[in-house]
Structures are given as structure tokens and as C-alpha cells.
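Residues per chain are reported as follows:
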Amino acid sequence: MLTFKIALRNSFRQKRRTTLTVLTMLGGFALASISIAWSDGSYAYVIDMFTRNQMGHIQLHRAGYLDRPSLYKTVDDYKTLGPALETVERVQDWAPRLYSSGLASVGEKSSGVRIIGVDPERETATTRFDKKVTEGRSFSLAPSQEALLGTGLAKTLKAKVGDEVVIVSQGADGSIANDLYRIVGLVSSGDAFGDRTALYLHLTDAQELLVLENRVHEIAVVVDGLDDLDEVAAAIQTTIQQPEVEAATWQEFARSFYVAMRADQQGSWIMLFVIILVVAVGVLNTVLMTVLERRREYGVLRAIGTGPGQVFRMVVMEVVIMAVVSMILGSVVAYIVNYQLSIEGIALPTAFTYGGVTFDRLYTIINARSFYIPAVCIILTAVVASLVPAQMAARVAPARAMRTH
Amino acid sequence: MNADNDHKVIIAEGVTKEYSDNGLPVMALRGIDLTIEQGEFAAIVGPSGSGKTTFLNVVSGLDSITEGSVRLDGKLLSTMSGRELSDYRRDRIGFIFQAYNLIPVLTVEENVEYIMLLQGIDKKERHRRVRDLLAQLGLDGMADRLPSRLSGGQQQRVAVARAIVSRPALVLADEPTANLDSKTALDLIDMMRRLNEESGVTFVFSTHDSMIMARARRLIVLKDGRIDRDEAQA
Ligand SMILES: Nc1ncnc2c1ncn2[C@@H]1O[C@H](COP(=O)(O)OP(=O)(O)OP(=O)(O)O)[C@@H](O)[C@H]1O
Ligand SMILES: [Mg+2]
């Protein structure tokens, strides 16, 4: 009512000072919003890169495989497991994989390789495998002794599309596995480190080579959305009814990656804290100046019967009004910037490599968090910063305040 | 509280006020005994530093006293809490100051209305009183102006309106005419006197100006924190 009216008009009195305070809070709001949107955006983007393009959100393995991978720890009836997965809510696709290691030779050159058996159709649906083929083509749908090489590996072996590659490995039955394949394409997965050893075979070819018919080491599952993956994993676990097969979320099977991402998010909290501090100092400074300047006025208000609490509220309200204006304007600014950056992204001055994937451009994301967290922070900061000056105003001794000439 | 006190607005007994100025004691008031009756129109005069402002401040509870006692409407000031004092000033005392009187962000009407809003008087009554009073004080047409758009004399008239609108028992004014030219000052004092005569509001004001003193019906002369003379005038 009355307090509000006075506070509202007071806040437009010192135009320059109010503008400055509003700009400080607006800047703080927008910066906080952009930094959260950026952090969340990068987080989502990096996770998406890893999950959607490589690992999947959830993986199924034979119990113990993650701790100590072995050729013999296999998931045996993936052909019945797979369709069962599709009945679980939010599951979008799944892809079986077989892993082993061996030696590959092209002409004179040889190199140790990681053999990855993939189902081309499923792998494309699940992790966009076809998009990673940068030269040549992907597998024929039927197994036909074809191989795709990681770009780094192709370089090491000086191999080109059309060459033949000999692979030597060990079969699950203990025999020497040994076969000849034609290189039909090169793969750039985004994981440059992995590409130096990756050799892809059609799943059926790989099973034959390693004597693991109908068996796989891993089923990668992609899910709709990144939230509450635990619940999906638990639902999968109950659906498949196989205690020896374990469903793990990316947070579990890519633990170190997850920890690194979390650490990165802590960084944005520190940023937020610094912003809050700057805003607090700015607000405190202007409100203190204002209160000192208006001592006489508060003295008159007190003298004619205004209660100390009313004067206190008047000061806090004035700051809150400025904070609300700042937030509204800040939201507009932040929205425009966040929207622009979510489309164009920000080119990083130096590209960084995270778990083997190189990032040279990151994007913001527009979410509710990047608005309500700064809003709560700014309002709280403004209120807290105005408490001491408000108390000073409420305690003005009218007789003294009006005497100072 | 006895019936005798009913028409005594202020009773000051042996009021002493000591300030400390960087550790040195300053005696602003040295034993003031004074009674102001309902309906008086009294001027407090005296040289600069004689204690006029201090006296007005201590009798309204804006400042504490060192010794003695002050009763307002028979009530001992020293027994009132801060909140009670604040409410008492709101309901029973009107103030007019030398300068910085009005709330700069409120219009004339809102300034006059302010105390009634604090008192919770309903809108219709507030507007009726404000309208009547502004007309009576020659301020019609100024209701929506901000104080900065008024002359000094007009501002002081608004201050008078604000001081009496809530029908206080007592109006205290510390040099209300000091910032005005002599013609405007006399107009203001005449107006205060008219209100005193017509509505019976008690006025106690301080001044340096002999023309203004001449308009008072009682002259209280302070000197070095003591009452030097206290006489009635025609
Ligand atoms: N807060 C204070 N601290 C110290 N001394 C004070 C304080 N307030 C007033 N005094 C002293 O008390 C004495 C009386 O001051 P007061 O302001 O009451 O005089 P006054 O009659 O109103 O003077 P003027 O005509 O100049 O307004 C002066 O000596 C003044 O210096
Ligand atoms: Mg004085």
C-alpha cells in the first residue's frame, strides 16, 4: 500500500543510480543464466555425444564384465533379450556388440586392434553408425567378410578402402582365429583415441571368427531423455529376468567420465557465487548511499509516526522492485543470448578432448533452471544486501537526523 | 491522571538535557518547568543555542531527557515504549519542521493523507478532510503536485495541513518560517493562528523573528537552557 507506493517512487528518483543498480543486477542475472545454460548445454551435449553416438544410455553385460572384461563373459540369448527390451518404457533402440583384440595386417604393416562386432542395422539405429563412416561405405546387411577401420588405424596400416586385411586373434574355443576381410570403409567415431585401434566387423562375421555364435558382450540401449535412467535400468532388469545379466546406466559404466562432468558442473556454481558476490556488493553500495542521503527524510517519516518496521520495509521493497525489474529485463536478454547460442554455439578458442572426443564448439540449452536459479539468487542477494541499510534507516534517530545541516 | 491535567497538554518539570560533544558535556536544557494548556498559541524564542530545538524534541519524545519529567496529556513520556511513542506522535502530535518537511515522492494530497493512512482512516473520510483543508489553506488545485513544484510558502502550508489533518492535541513547529520571506512568513503564522482560534489546536513554535513573535499570545524566552522570561501577550 503506502509503503509500496513510496518505495516504488523512491526507486525511480535517483535515475542514474537506479539504472546502475538495475544494470548490475540485470547483468548478474543474464550472466548467471547464460552460464547455467552454457554449463547445462555443454553437459547435455557432451553426454549426448557419448551416449547417443557411442555408449548408449544403458548397457547390458554379463555380471562382472565391467570390472574385468573377458572374451568368455557373454550375454547368451541376445536375440530374445533384445525384443524384451523394446517392451520397456522409454527404450528406443538397442544394439548388440562383440569385443575382442587381435592383430591386423595390411600388406607389410601390422597393428594391434580392437575387434568390434556390430549389427550394422541396429548400430545405425542406436548410435548413428552410418554417419560415422567418413570414407567408403558401411557394411552390407548380410555378412560378407567386410571390415571397416577407424581412421587412425587406417593411417597406421596405410590402408585404403578396397584393401584386404588379415586378422589374427584367439577363438573362444582356444583355437587360432584367422581370416581375411575386405576394407569397405573408414570410420571416424568422434573418439580419436579409439579410432586408432578400432576395427569393425559384421557381428555375424565376428561371432564366427571368435567362435561365439549367438553370443555378444554388450547390448547398448538408447532411451528417450537423460533423466531418471536408474528407473529405466531397473525396469529393464525386472523385464529380462536374467540375474546373470546386469543393466547399468552410463553414470555407472562410464564412471570416470561422469565424475569429470560433475566436477565441471561444480565450476558453474563457483561462477554463480562470484556473480552473487559482485551483485551483493553493488546493491549494498547503492542502498547504503541512498539511505545515508535520505536520513533526514527517514527522520521526518519517523517523527510523524511511521514505525521503524515500515521504514525498514520501505527500503527493502525499493530494492526488491529494482530486482524484479532487473529480472524481467535480464530474462529477455538472457533468452535472446541463450537462444542464439543454442543455435550457433560458441567456438572454443582451443578445442578440448574429453574422453577421446574432441569438442570445438559448445551450445547452450534453454531450460527452466537457467531462469529460476538466477532469479532466486538475485532476489535473495538483493534482499540480504538491503537488510543492513534498511536497519540503519529504521533506526534513524529523528532528532539527530534533522539536526545535521 | 487527575482531572486537573485534562486541559494541560504539556507538563515539563525540571527538564534537563545534557549532550556530550566529543566527550565534553553540553547542557542544552538546565531545568525547565513549563506547562502548556489546551488551545495555547505559544512562541519559544531565544538566541541561537539557547535550547529551543532541544526543548521541542524532548517534549515530543524525539529525544530523551537527562533529568526531570515530561507529561503529554498527563502521560509520563519516560514510561512509554518506542512503539507507543511512535504511535503517540502519529495520533496526538503534528510536526512542522524548518525544511525537508514533505515526502518528496508523494503529491500534496498524498503527503497530507499520509498520517491518516497510517492511522487507518477510511478513504472517503481522508479525501473529505484533505479537500476541506487544502481549500481552507488556499491550496486548492495543488493536490496533485509534487512538493518540488511548490514555492517555499506553499510547501510550509502543506506541512501545516499535514500537521493538523489528523486533529492532534498539539502542533510543534521548529522555526516553521525560517526559510520564508517575511510576507510569506507572516501569512503562514496568521493562518496558524486562525486555525488555533477556529479549531482550538494548540500550537507551540520556535522562532528568531520578532515580527512572528509579536503574533504569539505567549512568549517563552530561553537563555542558556533556562526560561528567562515567560509572559502573555495580547
Ligand atoms: N546532538 C547534539 N550533540 C551535542 N550538542 C548538541 C546536540 N544538539 C544540540 N546540542 C547543543 O545544545 C545546545 C542547544 O541547541 P539547540 O539546537 O536546542 O538550540 P536552538 O535554540 O534550537 O538554536 P538555533 O536557534 O540555532 O536553532 C547548543 O549548544 C547545541 O550546540
Ligand atoms: Mg533550533
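Residues numbered from 1 in each chain as written. Chains lettered and ligands numbered in written order. Predicted model: local features only at pLDDT ≥ 70, side-chain atom pairs only at ≥ 80, totals over all residues. Heavy atoms only, no water.

Let us look at the pattern of salt bridges. Tallied over the entire structure, the rule returns 30 salt bridges over all chains. The partner of A:K5 in a salt bridge is B:E110, and the shortest N-O contact between them spans 3.1 Å. Within this pair, whereas A:K5 is found in helix α1 (residues 2-10), its partner B:E110 is found in helix α3 (residues 108-119), the two belonging to separate chains. We note a salt bridge from B:R218 to B:D230, for which the minimum N-O separation is 2.7 Å. In this pair, B:R218 sits in strand β9 (residues 218-223) while B:D230 sits in strand β10 (residues 226-232), placing the two residues 12 residues apart along the sequence. Residue B:R218 is classed as buried on the basis of its relative accessible area of 13%. What makes B:D230 partly exposed here is its relative accessible area of 36%. Residues joined by salt bridges that share partners form a network here, namely B:R83, B:D87, B:R90 and B:D91. (Salt bridge = Lys/Arg side-chain N within 4 Å of Asp/Glu carboxyl O. Helix = DSSP H or I, 4+ residues; strand = E, 2+ residues; numbered from the N terminus. Buried < 20%, exposed > 50% of the residue type's maximum accessible area, 1.4 Å probe, protein only.)

A word on helix α13 (residues 369-394) of chain A. Look at α13(A): 36 Å from first C-alpha to last across 26 residues, which is about the 38 Å you get at 1.5 Å a residue. Along its length, α13(A) reaches its greatest deviation from straightness, about 40 degrees, at A:L387, and the proline A:P389 lies no more than four positions downstream. (Expected span 1.5 Å × (residues − 1). Bend = angle between axes of the 7 residues up to and from the residue.)

If you look at the interface, chain A gives 23 residues, while chain B gives 25 residues. Interface of chain A and chain B: buried area, both sides summed, is about 2,100 Å²; carbon and sulfur atoms make up 65% of it. For the chain A face of the interface with chain B, the top three residues by lost area are A:L2, A:R9 and A:I304, together amounting to 27%. Here chain A and chain B share two salt bridges between them. (Contact = heavy atoms within 4.5 Å. Buried area = accessible area lost by both parts, 1.4 Å probe.)

Before going further, it helps to spend a moment on the confidence of the model for chain B. Per-residue pLDDT for chain B has a mean of 89; in total, 97% of the residues score no lower than 70. Interface confidence for the predicted complex, given as ipTM, is 0.88, next to a pTM of 0.77. (pLDDT = per-residue confidence, 0-100.)

Residue and element names in this part refer to chain A. Applying the stated rule across the entire model yields one cavity of 30 Å³ or more. A volume near 140 Å³ is recorded for the largest cavity. Of all the elements in the fold, those that place two or more residues in the lining of the largest cavity are α2 (15-55), α10 (255-293) and α12 (308-344). Taken together, the residues that form the lining of the largest cavity break down as six nonpolar, seven polar and three charged. (1 Å grid on protein atoms, 1.4 Å probe; cavity = no way out; pocket = protein on both sides within 12 Å on 5 of 7 lines; lining within 4 Å. Points joined across faces, edges and corners; volume = space filled by probe spheres on them. Nonpolar A, V, L, I, M, F, W, Y, C, P; charged D, E, K, R; others polar.)

Below, the discussion takes up the site of ligand 1. For ligand 1, the set of nearby residues contains 14 residues, the closest of which are A:R403, B:S48, B:K52, B:T53 and B:T54. Around ligand 1, the neighbouring residues derive from chains A and B rather than from a single chain. In the model, an oxygen atom of ligand 1 is placed 2.5 Å from a nitrogen or oxygen of the B:S48 side chain. In the environment of ligand 1, an oxygen atom lies 2.7 Å from a nitrogen or oxygen atom belonging to the side chain of B:K52. Protein contact buries 74% of the 630 Å² of open area that ligand 1 shows by itself. Contributions of two or more residues to the shell around ligand 1 are made by β2 (24-37) and α1 (52-59) of chain B. Per element, the largest residue contribution to the shell around ligand 1 is three residues, and it comes from α1(B). Looking at the shell around ligand 1 residue by residue, the classes come out as four nonpolar, seven polar and three charged. (Near = heavy atom within 4 Å. Polar contact = N/O pair within 3.5 Å; in protein donor to acceptor, adjacent residues only side chain to side chain. Areas by Shrake-Rupley, 256 points an atom, 1.4 Å probe, with all protein chains shown as cover.)

So, about the sheet that holds strand β6 (residues 93-96) of chain B. Residues and elements named next belong to chain B. What the six strands build is an open sheet, ordered β6-β7-β8-β3-β9-β10; its pairing is mixed. With one partner strand each, in any of the chains shown, β6 and β10 form the two edges of the open sheet. Strand after strand, the sheet turns through a mean of 15 degrees between neighbouring axes, direction not considered. For β9 and β10, the ladder comprises six bridges, and the chain directions are antiparallel. For R218, the partnering residue across the bridge sits in β10 and is A232. Relative to strand β7 (residues 170-174), α1 is tilted by about 150 degrees, and along the sheet it contacts β3 (41-45), β7, β8 (202-206) and β9. Running at roughly 155 degrees to β8, helix α6 (residues 182-199) makes contact with β3 and β8 of the sheet. (Pairing = 2+ DSSP bridges. Axes fitted to C-alpha atoms, helices over the stretch in contact; angles between N-to-C directions.)

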